[in-house]
Amino acid sequence: MTGFARTEGEIHTVLHNISWQIEVKSVNGKQLDVKTKLPLQYEDLSFDIKKIVSNFLQRGSVSVFLDIKNDQSQLQVKINEELLAQIAQKAMDLHFIHQDEIEKPRSSELLAVKGVIEVVDNQLSDEEIEQIKVAILENFEQLCQKLAQDRKAEGEKIKKALLEILNKLEKIVVEVEKIADGLPAKIKAKLDEQLKMWLKDSTISEDRLAQETVYYITRADIREEVDRLKVHIKTAEELLNGSGAVGRRLDFLCQELNREANTTCSKSVDIELTSLGMELKALIEQFREQVQNIE
């Protein structure tokens, strides 16, 4: 099932303002396949991200993108304001006392005093990184909840469409069953008429002709296929009206429905039956396409 969701988050530490953006994209897939694209420093989150996704989704190809920004550079200049004020006051006092000997202090000279300016390594500490990772995973879990809700809403629409297709299939199967019930007698009558015309002077026994007729009628009988179609349609309806992931089982039912429809067409000796069989195949293909969009 297709889906897209995005979220943003941020966290503040003593020296840093960290913000991030997470995007999740999902497309149809028979299995759950999760791919992540994370900054190098956060690649170890990949396992936890995949685990969280698996808690909410069971099928689909899912891509997760994480972008992190730090509004502080790796190096930061800090001024010891208290020390600077003390030195500046002392320098000014000396200047007033000894104006002829000592010039008024310059800011560049004051800042050059050891300890006034400090260059701080602004890299994140291990503790800060762990704190950020925890916040990102919590944010990501909330995003997955939203994605799952969106997919559920879409799933309800798909469910409605699938039930409508099954309803159409049921109606066609009813028509096929009517033809199937009358087919043996119709075939026998047609064969009897043809055999009488073709075999007027034949030496073939009536018993042998009866055996061949029964064999031909049996081969053309589709009542078993009709029964199986009805069972598969009922099972599909029960799955759709139930709960939990049903995509894989519906995939299997699509194969079974298609097999019975193919057999019906191959056995058909009636134009109307062939036409109905083709309608069945078209609807089953529509059903299969929609099933690819659900779990």
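Residues numbered from 1 in each chain as written. Predicted model: local features only at pLDDT ≥ 70, side-chain atom pairs only at ≥ 80, totals over all residues. Heavy atoms only, no water.

**Q** An account of the overall build of the protein chain is needed here, citing residue identities and associated values.
**A** In terms of regular secondary structure, the protein chain is built from 8 helices and 6 strands. Counting from the amino terminus, the protein chain carries its helices and strands in the arrangement β-β-β-α-β-β-α-α-β-α-α-α-α-α. Relative to its 295 residues, the protein chain shows a buried fraction of 35%. Considering only intrachain contacts with a sequence separation of at least 6, the fraction spanning at least 24 residues in the protein chain is 80%. Split by element, the accessible area of the protein chain, about 18,700 Å² in all, is 51% carbon and sulfur. (Helix = DSSP H or I, 4+ residues; strand = E, 2+ residues; numbered from the N terminus. Buried < 20%, exposed > 50% of the residue type's maximum accessible area, 1.4 Å probe, protein only. Contact = heavy atoms within 4.5 Å. Areas by Shrake-Rupley, 256 points an atom, 1.4 Å probe, with all protein chains shown as cover.)

**Q** I'd love a proper account of the nonpolar core, names of residues and values included.
**A** Counting 32 residues, the largest nonpolar core has Leu162, Leu166, Leu169, Val176, Leu250, Leu280 and Phe287 as its most contacted members. If you list the elements that add at least two residues to this core, you get α4 (126-198), α6 (223-240), α7 (247-267) and α8 (271-291). For this core, the leading source of residues is α4, giving 11 residues. With residues near it in sequence (within four places) discarded, Leu280 still touches Leu169, Ile172, Val173, Val176, Leu229 and Ala261. The next biggest cluster of nonpolar side chains, apart from the first, holds 28 residues, and it includes Ala5, Ile11, Tyr42 and Leu45. (Core = buried A, V, L, I, M, F, W, Y, C linked by side-chain atoms within 4.5 Å.)

**Q** Tell me about the pattern of salt bridges, and name the residues and values.
**A** Using the criterion set out here, one finds 11 salt bridges in the structure. Residue Asp44 is joined to Lys133 by a salt bridge in which the shortest nitrogen-to-oxygen separation is 2.7 Å. A residue pair is termed long-range when its members are at least 10 positions apart, and Asp44 in the loop between β3 (32-37) and α1 (46-56) and Lys133 in helix α4 qualify at 89 residues. Classification of Asp44 as partly exposed rests on a relative accessible area of 48%. Looking at Lys133, the relative accessible area reads 9%, which means it is buried. If you follow the salt bridges from partner to partner, you end up with Glu224, Glu225, Arg228 and Glu260 in one network. (Salt bridge = Lys/Arg side-chain N within 4 Å of Asp/Glu carboxyl O.)

**Q** Describe a nonpolar patch on the surface, and please don't skip the residues or the numbers.
**A** On the surface, a cluster of nonpolar side chains totalling about 210 Å² of accessible area is made up of Ile79, Leu111 and Ile117. Position of Ile79 among the secondary structure elements: in strand β5 (residues 75-79). For Ile79, a relative accessible area of 39% translates into the label partly exposed. (Patch = residues over 30% accessible without salt bridge, like charges linked within 9 Å, V, L, I, M, F, W, Y side chains within 5 Å.)

**Q** Tell me about the environment of Lys69, and name the residues and values.
**A** Checked against the element boundaries, Lys69 lands in strand β4 (residues 60-70). Overall, Lys69 belongs to the exposed group, its relative accessible area being 55%. Residues Lys69 and Asn17, 52 residues apart in the sequence, show an inter-C-alpha distance of 8.3 Å. What Lys69 contacts, discounting residues up to four positions off in sequence, is Asn17, Ile18 and Ser19.

**Q** Can you lay out the pairing of strand β2 (residues 17-27) for me, pointing to particular residues and giving the numbers?
**A** Pairing between strand β1 (residues 3-12) and β2: 10 bridges, direction antiparallel. Considered in β2, the bridge of Gly3 is made with Ser26. Here β2 runs beside β4; their pairing, made up of 10 bridges, is antiparallel. By the bridge assignment, Ser26 is partnered in β4 with Val62. (Pairing = 2+ DSSP bridges.)

**Q** Which residues make up the side chain of Asn139, and what are the values?
**A** Following the sequence through the fold, Asn139 ends up in helix α4. Within the structure, Asn139 has its side chain in polar contact with the side chain of Thr7 (distance 3.4 Å). Ignoring anything within four residues of it in the chain, the contact list for Asn139 reads Thr7, Glu8, Gly9, Trp20 and Ile22. (Polar contact = N/O pair within 3.5 Å; in protein donor to acceptor, adjacent residues only side chain to side chain.)

**Q** Tell me what's going on with empty space enclosed by the protein, and back it up with residues and numbers.
**A** In total, this model carries 1 cavity of 30 Å³ or more according to the counting rule given. Approximately 30 Å³ is the volume attributed to the largest cavity. Residue lining of the largest cavity: Ile22, Ile49, Val64, Leu66, Ile136, Leu137 and Phe140, and that is the complete set. Counting only elements with at least two residues in the lining of the largest cavity, the list comes to β4 and α4. Looking at the lining of the largest cavity, its residues break down into 7 nonpolar, no polar and no charged. (1 Å grid on protein atoms, 1.4 Å probe; cavity = no way out; pocket = protein on both sides within 12 Å on 5 of 7 lines; lining within 4 Å. Points joined across faces, edges and corners; volume = space filled by probe spheres on them. Nonpolar A, V, L, I, M, F, W, Y, C, P; charged D, E, K, R; others polar.)

**Q** Can you tell me about the packing of α6 against α7, naming the residues and giving the values?
**A** Relative orientation and spacing of two packed helices are given, respectively, by the angle between their axes and the distance between those axes. Where α6 meets α7, the closest approach of the two axes is 10 Å, and the angle between their N-to-C directions is 160°. Of the possible angle classes, the one that applies to α6 and α7 is roughly antiparallel. The interaxial crossing formed by α6 with α7 has left-handed handedness. Contact with α6, carried on its side by Glu225, Arg228, Leu229, His232, Ile233, Thr235, Ala236, Leu239 and Leu240, involves Arg249, Leu250, Leu253, Glu256, Leu257, Glu260, Ala261, Thr263, Thr264 and Lys267 of α7 and no other residues of that element. (Axes fitted to C-alpha atoms, helices over the stretch in contact; angles between N-to-C directions. Parallel < 35°, antiparallel > 145°, perpendicular 65-115°, else oblique. Left-handed = near helix turned anticlockwise from the far one by under 90°.)

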